[in-house]
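Residue strings, one per chain:
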Amino acid sequence: MKSILFKFIANAVALLAAVWLVSGITLGDDDAGTGGKTLTLILVALIFGLVNLIVKPIVKFLAFPLLILTLGLFALVINALMLMLTGWIAGDSFEVNGFGSAVLGGLIIAIVSWAVNLVLDRD
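Scope of this entry: the structure provided in the associated data block. Quick caveat: nothing in here was measured; it's all calculated off a predicted structure. Each chain has its residues counted from 1, following the order in which its sequence is written. The predicted origin of the model limits local features to residues at a pLDDT of at least 70 and limits the giving and counting of side-chain atom pairs to 80 or more, whereas totals for whole chains, interfaces and linings rest on all residues. Side-chain measures were taken over the full set of non-hydrogen atoms in the model, leaving aside hydrogen atoms and water.

### A few points about the overall build of the protein chain
Secondary structure is summarised from DSSP: a helix means a run of H or I of at least four residues, a strand means a run of E of at least two, and numbering begins at the N terminus for each. Assigned secondary structure in the protein chain consists of five helices and two strands. Overall, the protein chain shows an N-to-C arrangement of helices and strands of α-β-α-α-α-β-α. We compute the radius of gyration from the C-alpha atoms alone; for a globule the expected value is 2.2 Å times N to the 0.38, where N is the number of residues. Its C-alpha atoms give the protein chain a radius of gyration of 14 Å, within 12% of the compact-globule value 14 Å for 123 residues. In terms of principal-axis extent, the alpha carbons of the protein chain reach across some 45 × 40 × 25 Å. Exposure categories follow from relative accessible area, calculated using a 1.4 Å probe and restricted to protein chains: below 20% of the type maximum is buried, above 50% is exposed, and the middle band is partly exposed. By the burial criterion, 35% of the 123 residues in the protein chain qualify as buried. Expressed as a percentage of contacts within the protein chain between residues at least 6 apart in sequence, the contacts between residues at least 24 apart total 68%. Counted as positive: Lys and Arg. Counted as negative: Asp and Glu, with His and the chain ends omitted from the count. For this purpose, a charge sits on NZ of Lys, CZ of Arg, CG of Asp or CD of Glu. Taken together, the 6 basic and 7 acidic charged side chains of the protein chain have centroids lying 16 Å from each other. Only heavy atoms matter for contacts: two residues are in contact if any of them lie within 4.5 Å across the pair.

### Things to note about a negative patch on the surface
Put simply, a patch holds well-exposed residues, over 30% relative accessible area, that have no salt bridge, with like charges counted together within 9 Å and Val, Leu, Ile, Met, Phe, Trp or Tyr side chains within 5 Å. A 1.4 Å probe and the Shrake-Rupley method give the accessible areas. Residues count as covered only by the protein chains that appear here. Counted as salt bridges are all cases of a side-chain nitrogen of Lys or Arg within 4 Å of a carboxyl oxygen of Asp or Glu. On the surface, a cluster of negative charge is contributed by D29, D30, D31 and D92. Note on placement: D29 falls in the loop between strand 1 (25-27) and helix 2 (34-62).

### Notes on the environment of V51
By the element assignment, V51 lies in helix 2. Here V51 falls in the buried class, since its relative accessible area comes to 5%. V51 sits 34 residues away from L85 along the chain, and the two C-alpha atoms are 7.7 Å apart. Ignoring sequence-local partners within four residues, the contact set of V51 consists of K56, M82, L85, T86 and I89.

### Some remarks on helix 4 (residues 74-90)
Here, expected helix span is obtained from the residue count minus one, scaled by 1.5 Å. Helix length check: helix 4 (17 residues) gives 24 Å between terminal C-alpha atoms against 24 Å at 1.5 Å per residue, within 8%. What helix 4 keeps buried is the set A75, I78, N79, A80, M82, L83, T86, G87 and A90. At the exit of helix 4 stands G91, carrying a positive phi of roughly 75 degrees.

### Structural notes on the packing of helix 4 against helix 5 (residues 99-120)
To get an axis, fit a line to the C-alpha atoms, keeping to the stretch in contact for a helix; angles then go from 0 to 180 degrees between the N-to-C directions. Interhelical geometry of helix 4 versus helix 5 gives an angle of 105 degrees and a closest axis separation of 8 Å. Classified by the interaxial angle, the pair formed by helix 4 and helix 5 is roughly perpendicular. Of the residues in helix 5, those in contact with L76, V77, N79, A80, L81, L83 and M84 of helix 4 are F99, A102, V103, G105, G106, L107, I109 and A110. Its residues assigned to classes, the contact of helix 4 with helix 5 shows twelve nonpolar, three polar and no charged. Should an angle fall under 35 degrees it is taken as roughly parallel, and over 145 as roughly antiparallel, whereas 65 to 115 is taken as roughly perpendicular and any remaining angle as oblique. Residues are grouped as follows: nonpolar covers Ala, Val, Leu, Ile, Met, Phe, Trp, Tyr, Cys and Pro; charged covers Asp, Glu, Lys and Arg; every other residue, Gly included, is treated as polar.

### What to know about the side chain of N79
Mapped onto the fold, N79 is located in helix 4. Excluding residues that lie within four positions of it along the chain, N79 makes contacts with K56, G106 and A110.

### A word on helix 5
For helix 5, which comprises 22 residues, the first-to-last C-alpha distance of 31 Å matches the rise-based estimate of 32 Å (1.5 Å per residue) to within 8%. Where helix 5 is concerned, the buried positions are S101, A102, G105, G106, I108, I109, S113 and V116.

### A look at the nonpolar core
Counting residues in hydrophobic clusters, the biggest one holds 27 residues, and the most contacted among them are L15, I25, V44, L83, F94, V96 and I109. Those elements giving two or more residues to this core turn out to be helix 1 (2-21), strand 1, helix 2, helix 4, strand 2 (94-96) and helix 5. Those residues in contact with F94 that lie beyond four places of it in its chain are L15, V19, I25, T26, L27, V44, L83, T86 and G87. Buried Ala, Val, Leu, Ile, Met, Phe, Trp, Tyr and Cys residues form a nonpolar core when they are joined through side-chain atoms within 4.5 Å.

Structure (structure tokens):
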């Protein structure tokens, strides 16, 4: 249970970093308050976690030959697709504009999520 909470927090922090660093990724309305954006971030982090839990393993299994052929670099494309799917599911509250923004956002999310999990998950 503790690990799920840590992963959720890591996803939320990573998504926040991607929104902050990539101009093509937006979170909520510009005129929304801090509470509204926080609630939107929590909802988007939940959607992103579910997409990564349910859809990503299936896509990785189907793309296994491409992952082997590209020595794992196709994982960046898969991460970008999962981010774009999250934006599609979340609707107007989370938007990813373009594949380039999704690739850069996916890379930032992977790095920040790894770092936050490394700091929080101390057993």
